[in-house]
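Chain by chain, the residues:
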Amino acid sequence: MRSVLRYVDYVARPDPDGEQTWQAECVTDVGDKDCGVKCPELGGEQAVVDWMAEHTKETGHERFKRIYEDYALVKKAEK
Ligand SMILES: [Zn+2]
């Protein structure tokens, strides 16, 4: 049997019912490991910037990993 390859375009859009969350983790090198302090999940990007600024002010740490999560709905693109 011969397989038929189909190329269908899909589109992803943000799920309006899905929550968007931002988080940050301090990955500043402290000796032989990362600092590792994490903020709770926050509802906006600015809240994460504020949290990081506070942590930097307290500790002098300057390197963070930022984590952004959202939900997406994927559908076949209409032609
Ligand atoms: Zn830190």
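These numbers come from a predicted model, not from an experiment.

Scoring rules and cut-offs
- Residues numbered from 1 in each chain as written.
- Predicted model: local features only at pLDDT ≥ 70, side-chain atom pairs only at ≥ 80, totals over all residues.
- Heavy atoms only, no water.
- Helix = DSSP H or I, 4+ residues; strand = E, 2+ residues; numbered from the N terminus.
- Buried < 20%, exposed > 50% of the residue type's maximum accessible area, 1.4 Å probe, protein only.
- Contact = heavy atoms within 4.5 Å.
- Areas by Shrake-Rupley, 256 points an atom, 1.4 Å probe, with all protein chains shown as cover.
- Phe/Tyr/Trp six-rings, centres within 6.5 Å; stacked < 30°, edge-to-face > 60°.
- Donors = N, O, S within 2.8 Å, 3.2 Å for Na, K, Ca; no water.
- Salt bridge = Lys/Arg side-chain N within 4 Å of Asp/Glu carboxyl O.
- Patch = residues over 30% accessible without salt bridge, like charges linked within 9 Å, V, L, I, M, F, W, Y side chains within 5 Å.
- Lys, Arg positive; Asp, Glu negative; His and termini not counted.
- Charge placed at Lys NZ, Arg CZ, Asp CG, Glu CD.

Right, let's get into the overall build of the protein. A count of helical and extended segments in the protein gives one helix and six strands. When the helices and strands of the protein are read in sequence order from the N terminus, they spell out β-β-β-β-α-β-β. The burial tally for the protein puts 23% of its 79 residues in the buried class. Long-range pairs, those at least 24 residues apart, make up 59% of the contacts in the protein between residues at least 6 apart in sequence. When the accessible area of the protein is evaluated, it comes to approximately 6700 Å², of which 48% is carbon and sulfur surface.

Before going further, it helps to examine the packing of aromatic side chains. Each aromatic ring pair is summarised here by two numbers: the centre-to-centre distance and the angle between the ring planes. Summed over the entire model, instances satisfying the criterion amount to two aromatic pairs. Measuring from ring centre to ring centre gives 5.0 Å for W22 and Y68, while their planes differ by 45 degrees; the resulting arrangement is tilted. Taken together, the positions of W22 in strand β2 (residues 21–26) and Y68 in strand β5 (residues 64–69) put the pair 46 residues apart, joining distant regions of the chain. Centre to centre, the rings of W51 and F64 are 6.0 Å apart; their planes meet at 75 degrees, and the pair counts as edge-to-face. Linking W51 in helix α1 (residues 45–59) with F64 in strand β5, this pair joins segments that are 13 residues apart in sequence. Under the relative-accessibility criterion, F64 is labelled buried at 18%.

Looking at the zinc ion, one finds its protein donor set to be C26 (SG), C35 (SG), H55 (NE2) and H61 (ND1), positioned 2.0 to 2.3 Å from the metal centre. With relative accessibility at 7%, the residue H55 sits in the buried group.

What the rule picks out here adds up to three salt bridges. Residues E54 and K57 are paired through a salt bridge, measuring 3.9 Å at the closest nitrogen-oxygen approach. With E54 and K57 both in helix α1 and three residues apart, the pair spans about one turn of that helix.

It is worth spelling out a negative patch on the surface at this point. A cluster of acidic residues, E19, E41, E69 and D70, forms a negative patch on the protein surface. Looking at where E69 falls in the secondary structure, it is placed in strand β5. Overall, E69 belongs to the partly exposed group, its relative accessible area being 44%.

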